[in-house]
Amino acid sequence: MSSTVVVSPEQLALLYDEHAPSVYRLAFSLLSQKQEAEDLTHDVFLRLQRGGFDSNRGEIRQYLLLLTRSMGINRINKRRNRRQILERFRPGHGQQDPVDLQAIDARFRLEKALAELSPREQQILTMNYRQDISQSNIAASLQLPLGTVKTISRRALLKLRSALSSQEDC
């Protein structure tokens with residue numbers, strides 16, 4: 001039997017006072033930037049407030065630290081993926097020539113592959129990667145469950161990967 005804990009604002013304030021320093025230290029050790037660590041700490045406690053902590057599965061401290069680690073790793077991966085995407089499509093990438101035909105061709109192939117996605121997939125990827133909106137905020141904005149947004153995003157990225165690799169084979 002699950003006993004998901006609903007946290008009242010008063011309880012959240014007490015939990016924040018007690019555990020925020022530990023959550024922040026872990027966030028900072030993962031992200032190495034003060035502002036990002038503060039943002040992650042804030043997001044961890046927002047997630048706690050929304051629910052999801054099951055008291056039968058362990059202590060609140062372990063839950064908060066595991067959540068911090070998981071969300072921190074997600075942010076690191078997202079940052080790394082964005083850098084790789086931006087680097088790949090940066091003008092001049094791959095050659096010294098001022099007109100980088102490879103980057104132009106890659107951009108064209110990407111735009112063509114994006115056009116093959118459904119409008120919903122395009123919207124979610126645009127919000128996430130071009131407008132830098134988190135998936136949880138996209139879910140709230142579009143009034144969709146977070147899992148649905150994550151599934152749509154994942155499937156769209158797999159479609160892009162497949163389309164781009166099939167275009168390279170041609």
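Preceding this paragraph is the structure being described.
One structure accompanies this document, and this report is about it. Keep in mind that this is a model prediction, so the values were computed, not measured. (Residues numbered from 1 in each chain as written. Predicted model: local features only at pLDDT ≥ 70, side-chain atom pairs only at ≥ 80, totals over all residues. Heavy atoms only, no water.)

Comments concerning the overall build of the protein chain
For step 1, the next point in the chain: When helices and strands are counted, the protein chain shows seven helices and zero strands.
For step 2, the next point in the chain: Across the 170 residues of the protein chain, 31% fall into the buried class.
For step 3, the next point in the chain: Counted over contacts in the protein chain with a minimum sequence separation of 6, partners at least 24 positions apart contribute 57%.
For step 4, the next point in the chain: Element-wise, carbon and sulfur atoms account for 54% of the exposed surface of the protein chain, whose accessible area totals about 11,300 Å². (Helix = DSSP H or I, 4+ residues; strand = E, 2+ residues; numbered from the N terminus. Buried < 20%, exposed > 50% of the residue type's maximum accessible area, 1.4 Å probe, protein only. Contact = heavy atoms within 4.5 Å. Areas by Shrake-Rupley, 256 points an atom, 1.4 Å probe, with all protein chains shown as cover.)

Brief notes about the packing of aromatic side chains
For step 1, the next point in the chain: All told, the structure shown has two aromatic pairs when counted by the stated rule.
For step 2, the next point in the chain: On the basis of an interplanar angle of 65° and a centroid distance of 4.9 Å, the ring pair of Y16 and F45 is categorised as edge-to-face. Residue Y16 is located in helix α1 (residues 9-31), and its partner F45 is located in helix α2 (residues 34-50); the two are separated by 29 residues in the primary sequence.
For step 3, the next point in the chain: Judged by relative accessible area, F45 falls into the buried class, the value being 4%.
For step 4, the next point in the chain: Centroid distance Y24 to F28: 6.1 Å. Interplanar angle 25°. Geometry classified as stacked. With Y24 and F28 both in helix α1 and four residues apart, this pair spans about one turn of that helix.
For step 5, the next point in the chain: On the basis of relative accessibility, which here comes to 26%, the residue Y24 falls in the partly exposed class.
For step 6, the next point in the chain: The exposure class assigned to F28 is partly exposed, which follows from its relative accessible area of 36%. (Phe/Tyr/Trp six-rings, centres within 6.5 Å; stacked < 30°, edge-to-face > 60°.)

Overview of the side chain of Q135
For step 1, the next point in the chain: Locating Q135 in the fold gives a position in helix α6 (residues 135-142).
For step 2, the next point in the chain: Those residues within four positions of Q135 in sequence are excluded, and the remaining contacts are N128, L146, V149, K150 and S153.

Comments concerning the nonpolar core
For step 1, the next point in the chain: Membership of the largest hydrophobic core comes to 18 residues, with the highest contact counts inside it found for L40, V44, F45, L48, I60, Y63 and L64.
For step 2, the next point in the chain: Of all the secondary-structure elements, those providing two or more residues to this core are α1, α2 and α3 (60-88).
For step 3, the next point in the chain: With six residues, the single largest contributor to this core is α1.
For step 4, the next point in the chain: In this structure, L64 is in contact with H19, V23, V44, F45 and L48, ignoring residues within four places of it in sequence. (Core = buried A, V, L, I, M, F, W, Y, C linked by side-chain atoms within 4.5 Å.)

Comments concerning the packing of helix α5 (residues 119-130) against α6
For step 1, the next point in the chain: Viewed as axis vectors pointing N to C, α5 and α6 meet at an angle of 130°, and their least axial separation amounts to 10 Å. In terms of orientation, α5 and α6 fall into the oblique class. Note on packing geometry: the crossing formed by α5 with α6 is right-handed. Each of R120, Q123, I124, M127 and N128 in α5 lies in contact with α6, whose residues at this interface are Q135, I138, S141 and L142.
For step 2, the next point in the chain: Residue composition of the contact of α5 with α6, by class: four nonpolar, four polar and one charged. (Axes fitted to C-alpha atoms, helices over the stretch in contact; angles between N-to-C directions. Parallel < 35°, antiparallel > 145°, perpendicular 65-115°, else oblique. Left-handed = near helix turned anticlockwise from the far one by under 90°. Nonpolar A, V, L, I, M, F, W, Y, C, P; charged D, E, K, R; others polar.)

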